[in-house]
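Structure at a glance
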Amino acid sequence: GNSVTQMEGPVTLSEEAFLTINCTYTATGYPSLFWYVQYPGEGLQLLLKATKADDKGSNKGFEATYRKETTSFHLEKGSVQVSDSAVYFCALIPGDSSYKLIFGSGTRLLVRP
Amino acid sequence: NAGVTQTPKFQVLKTGQSMTLQCAQDMNHNSMYWYRQDPGMGLRLIYYSASEGTTDKGEVPNGYNVSRLNKREFSLRLESAAPSQTSVYFCASSELLHQMGTEAFFGQGTRLTVV
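All of the points below concern the structure found in this document. Note that this is a predicted model, so its numbers are computed, not measured. The residue numbering used here restarts from 1 in each chain and proceeds along that chain's sequence as written. Chain A is the first chain written and ligand 1 is the first ligand written, with later ones labelled in order. It should be noted that, the model being predicted, local features are given only for residues of pLDDT at least 70 and side-chain atom pairs only at 80 or more, the latter also being counted only at that level, while totals for whole chains, interfaces and linings use all residues. Water and hydrogen atoms play no part in the side-chain values, which are based on all heavy atoms of the structure.

1. As for the overall build of chain A
Quick reminder of the rule: Numbering goes from the N terminus for both helices and strands, where a helix is a DSSP run of H or I of at least four residues and a strand is a run of E of at least two. For the radius of gyration, the atoms used are the C-alpha atoms, and the globule rule reads 2.2 Å times the number of residues raised to 0.38. Any residue under 20% of the maximum accessible area for its type is buried, any over 50% is exposed, and the rest in between are partly exposed; the area is computed with a 1.4 Å probe on protein chains only. Contact definition: two residues touch when any of their heavy atoms are within 4.5 Å. Note on areas: Shrake-Rupley with a 1.4 Å probe; residue coverage comes only from the protein chains shown. The charged-residue count follows a simple rule in which Lys and Arg add positive charge and Asp and Glu add negative charge, with His and chain termini not counted at all. Throughout, a charge is located at the NZ atom of Lys, the CZ atom of Arg, the CG atom of Asp or the CD atom of Glu.
When helices and strands are counted, chain A shows 0 helices and 12 strands. Along chain A, helices (α) and strands (β) appear in the sequence β-β-β-β-β-β-β-β-β-β-β-β when read from the amino end. Taken over C-alpha atoms, the radius of gyration comes to 14 Å for chain A, in line with the 13 Å a tight globule of 113 residues would show. Projected onto its principal axes, the C-alpha coordinates of chain A cover approximately 45 × 25 × 20 Å. Looking at chain A as a whole, 48% of its 113 residues are labelled buried. Put simply, 56% of the contacts in chain A that link residues at least 6 apart link residues at least 24 apart. Per element, the accessible surface of chain A, about 5,200 Å² overall, is 47% carbon and sulfur. For chain A, the separation between the mean place of its 10 positive charges and that of its 11 negative charges on side chains is 4 Å.

Next comes the structure, spelled out in structure tokens:
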């Protein structure tokens with residue numbers, strides 16, 4: 001089946017620290033991969049995406065590389081800010097023409113000044 | 001830019017009561033979705049509508065019904081609320097249902113408590 005596994009949170013970092021949030025997946029075919037972010041009190045927003053192997057998605061200083069050989073899509077940022085505090089969701093659309101957007105359980109990030 | 005608008009933002013229901021969650025999008029998207037978000041479980045798809053006039057079940061449809069009223073609006077109805085339906089509900093829309101890499105746009109959510 002199709003599924004997404006994320007590291008459990010919360011992740012607590014000091015400002016300017018390096019961030020990695022791990023995400024691995026199982027999927028049929030060649031999925032598209034996404035990171036969504038949910039700021040407090042808001043809905044989810046697309047942060048970045050990658051639609052084929054070795055693609056790198058990037059936005060707002062965040063990056064993630066589609067690694068087919070390790071079925072991973074880890075989120076990284078070199079220097080986090082307090083404003084990055086949010087819940088981050090890894091997600092996929094399977095490669096079998098499925099309609100589904102399948103989410104991981106989310107990882108809460110807290111950045112302290 | 002309104003995007004996806006949900007009402008209400010908060011609701012408390014008694015067990016057995018009914019209610020309808022409203023959702024409207026102004027992006028001329030064909031596809032719309034209802035998700036529920038529970039702690040530690042991410043988002044799960046309740047129902048979706050590929051295009052105006054069609055609706056289909058998602059992963060957790062039991063206890064819910066939907067109506068795609070027109071291209072803009074997609075409502076979710078709880079006919080007889082149960083405590084297990086306490087959750088945060090999100091409406092979303094996207095341009096096309098089966099397009100690879102399609103971005104979904106989400107509303108701000110409705111926090112529903114059933115007592």
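2. Notes on the pattern of salt bridges
Rule in force here: Criterion for a salt bridge: a side-chain nitrogen of Lys or Arg within 4 Å of a carboxyl oxygen of Asp or Glu.
Tallying each qualifying case throughout the model produces 6 salt bridges over all chains. Note that Lys 52 of chain A and Asp 55 of chain A form a salt bridge whose closest N and O atoms lie 3.4 Å from each other. Residue class for Asp 55 of chain A comes out partly exposed when judged on its relative accessible area of 22%. Measuring nitrogen to oxygen at the nearest pair gives 2.8 Å for the salt bridge that ties Arg 44 of chain B to Asp 38 of chain B. For Arg 44 of chain B, a relative accessible area of 18% corresponds to the buried category. A relative accessible area of 10% places Asp 38 of chain B in the buried class. A single network of salt bridges, built from pairs that share partners, joins Arg 36, Asp 38 and Arg 44 of chain B.

3. Quick notes on the sheet that holds strand E7 (residues 64-68) of chain B
Residues and elements named next belong to chain B. Where we set the bar: Two strands pair if DSSP finds at least two bridges between them. Helix axes are fitted only over the stretch in contact, all axes being lines through C-alpha atoms; the angle between N-to-C directions runs from 0 to 180 degrees.
Strand order in this open sheet of 4 strands is E1-E3-E8-E7, and the pairing throughout is antiparallel. The open sheet is flanked by strand E1 (4-7) and E7, the only strands paired with a single partner. For this sheet the average axis-to-axis angle between neighbouring strands, irrespective of direction, equals 15 degrees.

4. Some remarks on the packing of aromatic side chains
All names here are of chain A. The criterion, for reference: Aromatic contacts are taken between Phe, Tyr and Trp rings whose centres are within 6.5 Å, Trp giving its six-membered ring; a plane angle under 30 degrees counts as stacked, one over 60 as edge-to-face, and the others as tilted.
Under the definition given, this model contains 11 aromatic pairs over all chains. With 6.2 Å between their ring centres and 80 degrees between their planes, Tyr 25 and Tyr 66 make a pair best called edge-to-face. Placement of Tyr 25 in strand E4 (residues 23-26) and of Tyr 66 in the loop between strand E8 (62-65) and strand E9 (75-77) is noted, with a sequence separation of 41 residues between them. A single burial state applies to Tyr 25 and to Tyr 66, both of which are buried.

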